Amino acid sequence: MDGFQTVFKFFLNQKTTIGYSFMALLTVGGERIFSMVSFQCPCNKSQNFIYGLVFIVGPALVLLIVGYFLSSRTWKLFTGCCLNPRKLCPKGNSCNCVYVFAQITVGACIPPVMWLTVALLNGTFYECAVSGLENNHVVDLFCKGKTDTCRVELPRVPCGKSSLSPADNQELLLMLRAQSQILGWLIVCIATVVGLIGTCYKNCRSQVSYLQLKFWRKYIEKEKEHFDTYATEYATKLADRNLKSFFENKDPEAFPFPNHSAWEDISSLYTFCRSEQYYSTLQRYVEKGNKDKDDEMKCALDFVDGIEMM
Amino acid sequence: MEKFKTVLTLAQKQQTSLSFGFVALFTAGGEQIFSSAVFRCPCSSWNFVYGCVFLLIPSLVLLLLGYLLSSKTWRLLTGCCMNTSKIFKSNNICGTIKVFVQVTVNASVAPLTWVAVALLHGSYYECAMTGCNNTAYIEKVCDGKSKCFQDFHRLPCAGKSSLLASDRDDVLLEIRAQSQVLGWMLIATITVIALAFTCVTRCRSPVSFLQLKFWMAYMNHENELFESLATEHAKNLAQRNVRSFFESTEPPAMKTPDNKAWEKISALYKFSTKDHYYSKLHKYVETCGENHNKSTRSGECDFENPTVLNFVDGSNFL
């Protein structure tokens, strides 16, 4: 049993890495299914390019939007903002809002980049798209040193139905696939470089030291868990008390509960201040109450939520 | 069950070597999958670019991922924009470079494994070199075979070149042999450098072998305990805050280390033969803790120059 506990603890520690690997596997699986089941290149000049492009870009866009949907930070930022637009940029500091939005976007961009990589490494979609391009330079690139029928037959190459010789056909296909794979690897490389530079910059600008940041992340996680538990517990108690009072036709007993403005206060995104010792908006609220709101002007915006997968 | 426990204890002791081995195996497996499923040499003028991309770009990506996943990188970089003297002061720069070298060495296991396995396998090198336009090389490899020069690009693809099957096999075997020799030379060079590096580091260690072993064990346990106590403390603090919010009551006082204390314990530690401290945390609790406000040795609580020990923080891979 002990052994399993240790192994389980190890995997729990690596949950971010495991989560991303799982997402990558899911993307590969999804792409395979798409290619095999639904993708059939039309092999004519007018439709190839659009068809191929839609299969490459469409799922990426869908994954991006789903990423926005599933990020809890999006909803933290946008809930209630129509009725109170100032909530979006609380201190009139638009830099903060843009920064948060950028953070959400970066988190949501990971599945689309994975899809693009897998789709390009496979090569089928790119082959179809590029063989339909009408641009003379592109066609010349492929049909260099070949007969004129190459230009006409290029859109039919992905289906293997062109009237070029099998050797020529194979050569064109292989060239298209090679380009696609090179592009795929370049995208991976660029995404990794950008990811590394972004993480370096974010960590560099951190106002706290490494161990405190680690502790902070743990605190945020625990606060979320406890909040969920307590919210359920108190909702149960409140419902109990209300229903009891209704059915027994008695006055309800006194029940301490946070008021509406308290909920508003704790729902905003957190700003960290070096001079203070608070790890979240909730902690600042319970320790400080409603006083001294002006101090927050000098504080920097929250960055500790880390890369929330969901 | 007993045997399983023994294996697990052994595994925990050799955690570092095991994690490096696991990464190497994983990379080798990945390379095999890519070679068989994804790699198709285009057999045209694109050979060289294609082969080089498959050989070098994945290793670059693995290196960058190694940097991203190493905790030492972030230990060094966190907060450095706010406090640039942490890295850029003259006596700190040496230490910073040492840590950077250490992190790079740890992160290069995966990329070097990829390149070595790819070279031993031979198909990427074969594809790349058949796209090479260097006349001297082509003549040397072709060795006077007919049509070899014209059809050099098409050699990796079976049935596309107009050479005799036996001629084609000969040329490909030669290129593959070159690739494998390069692969083995790479492995040998890495091993020699790794040994030299370890010798030099151990040679320059200010402590003896047994003390070093003790120190590594101490660091491991301190890190583990830190994780569990930090989680416990975070849980208690969260519980207290959430409860106080829902019950609309004043939160009870709870002691938590202040920002300065965290700063002091977060730097990478350098051993000094005058002291007997094994980590920054150890030094902090013995000199700057609440009970030691009036330290007998003045300036000891001053952690302004946190220089870096080059090997005691161990090779915490993740």
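Residues numbered from 1 in each chain as written. Chains lettered and ligands numbered in written order. Predicted model: local features only at pLDDT ≥ 70, side-chain atom pairs only at ≥ 80, totals over all residues. Heavy atoms only, no water.

Under the annotation held in an unreviewed UniProt entry, chain A carries the name CAHM5 protein and is attributed to Polyodon spathula. Quoted straight from UniProt, the Sequence similarities (unreviewed entry) entry for chain A says "Belongs to the CALHM family." If you open the UniProt record of chain A and go to Subcellular location (unreviewed entry), you find "Membrane". (UniProt positions renumbered as here; feature names shortened; annotations may be inferred.)

## Quick notes on helix α6 (residues 110-122) of chain A
Residue and element names in this part refer to chain A. Taking 1.5 Å per residue as the helical rise, α6 with its 13 residues ought to reach 18 Å, and the 19 Å between its terminal C-alpha atoms agrees with that figure. Burial analysis of α6 places 10 of its 13 residues in the buried class, the great majority of the element. All of the buried residues in α6 are P111, P112, M114, W115, T117, V118, A119, L120, L121 and N122. Downstream of α6 by one or two residues, G123 has phi in the positive range, about 95 degrees. (Helix = DSSP H or I, 4+ residues; strand = E, 2+ residues; numbered from the N terminus. Expected span 1.5 Å × (residues − 1). Buried < 20%, exposed > 50% of the residue type's maximum accessible area, 1.4 Å probe, protein only.)

## Overview of the interface of chain B and chain A
With 65 residues of chain B at the contact, the number on the chain A side is 62 residues. Both sides of the chain B and chain A interface together cover about 6,200 Å² of buried area, and 72% of this is carbon and sulfur. Considering only the side of chain B, the residues that lose the most area to chain A are F245, F246 and N259 of chain B, jointly responsible for 13% of the buried surface there. If you look at where chain B meets chain A, you find three salt bridges. Measuring nitrogen to oxygen at the nearest pair gives 2.7 Å for the salt bridge that ties K214 of chain A to E227 of chain B. Inspection of the chain B/chain A interface yields 11 residue pairs in polar contact (both at pLDDT 80 or more). Mapped onto the side of chain B that touches chain A, the elements with two or more residues apiece are α1 (2-13), α2 (15-38), α3 (47-69), α4 (71-77), α11 (209-246) and α12 (259-266) of chain B. Among the elements that take part in the side of chain B that touches chain A, α11 of chain B stands out by supplying 17 residues, more than any other. (Contact = heavy atoms within 4.5 Å. Buried area = accessible area lost by both parts, 1.4 Å probe. Salt bridge = Lys/Arg side-chain N within 4 Å of Asp/Glu carboxyl O. Polar contact = N/O pair within 3.5 Å; in protein donor to acceptor, adjacent residues only side chain to side chain.)

## With respect to the UniProt feature "transmembrane region" (unreviewed entry) in chain A
Residues and elements named next belong to chain A. Here, UniProt's "transmembrane region" (unreviewed entry) annotation points to residues 18-37, 49-70 and 182-201. Across residues 49-70 one finds 100% helix and 0% strand; the C-alpha atoms that close the span lie 32 Å apart. Taken end to end, residues 182-201 has its terminal C-alpha atoms 28 Å apart, with 100% of it in helix and 0% in strand.

## Quick notes on the packing of helix α3 (residues 48-70) of chain A against α6 of chain A
All names here are of chain A. One can describe the packing of α3 onto α6 by two numbers: an axis separation of 8 Å at closest approach and a directional angle of 160 degrees. Relative to α6, the element α3 is oriented roughly antiparallel. As for how α3 packs across α6, the hand of that crossing is right-handed. Residues F55, I56, P59, A60, L63 and L64 of α3 lie in contact with α6, whose contacting residues are P111, P112, W115, L116 and L120. Its residues assigned to classes, the contact of α3 with α6 comprises 11 nonpolar, no polar and no charged. (Axes fitted to C-alpha atoms, helices over the stretch in contact; angles between N-to-C directions. Parallel < 35°, antiparallel > 145°, perpendicular 65-115°, else oblique. Left-handed = near helix turned anticlockwise from the far one by under 90°. Nonpolar A, V, L, I, M, F, W, Y, C, P; charged D, E, K, R; others polar.)

## What about unusual backbone geometry?
A positive phi angle is found at N249 of chain A, which is not glycine, with a value near 55 degrees. The backbone of C43 of chain B shows a phi angle near 55 degrees, a positive value even though the residue is not glycine. Along the polypeptide, C43 of chain B turns up in the loop between α2 and α3. Residue C43 of chain B is classed as buried on the basis of its relative accessible area of 1%.

## Notes on the packing of aromatic side chains
Inspection of the entire model under this criterion finds 38 aromatic pairs over all chains. Centre to centre, the rings of F55 of chain A and F125 of chain A are 5.6 Å apart; their planes meet at 45 degrees, and the pair counts as tilted. With F55 of chain A in helix α3 and F125 of chain A in helix α7 (residues 124-131), this residue pair connects regions lying 70 residues apart in the sequence. For F55 of chain A, a relative accessible area of 14% translates into the label buried. On the accessibility criterion, F125 of chain A (0% relative accessible area) is buried. A centroid spacing of 5.6 Å and a plane angle of 40 degrees characterise the contact between F227 of chain A and F246 of chain B, whose relative ring orientation is tilted. Here the residue F227 of chain A occupies a position in helix α11 (residues 210-247), and F246 of chain B occupies one in helix α11, the pair thus bridging two chains. By relative accessible area, F246 of chain B is classed as buried at 1%. The rings of F227, Y230, Y234, F255, F257, W263 and Y285 of chain A together with F245 and F246 of chain B are connected pair by pair, giving a single aromatic cluster. Positioned above the aromatic ring of Y234 of chain A is the side chain of K237 of chain A, whose terminal nitrogen or guanidinium carbon lies 4.7 Å from the ring centre. (Phe/Tyr/Trp six-rings, centres within 6.5 Å; stacked < 30°, edge-to-face > 60°. Lys NZ or Arg CZ within 6 Å of the ring centre and 35° of its normal.)

## Description of a nonpolar patch on the surface
All names here are of chain A. Nonpolar side chains collect at one region of the surface, where L61, V62, I65, V66, F69, L70, W75, F78 and F101 lie side by side and expose about 860 Å² of accessible area between them. Those elements giving two or more residues to the nonpolar patch turn out to be α3 and α4 (72-78). At six residues, α3 tops the list of elements feeding residues into the nonpolar patch. Along the chain, L61 turns up in helix α3. (Patch = residues over 30% accessible without salt bridge, like charges linked within 9 Å, V, L, I, M, F, W, Y side chains within 5 Å. Areas by Shrake-Rupley, 256 points an atom, 1.4 Å probe, with all protein chains shown as cover.)

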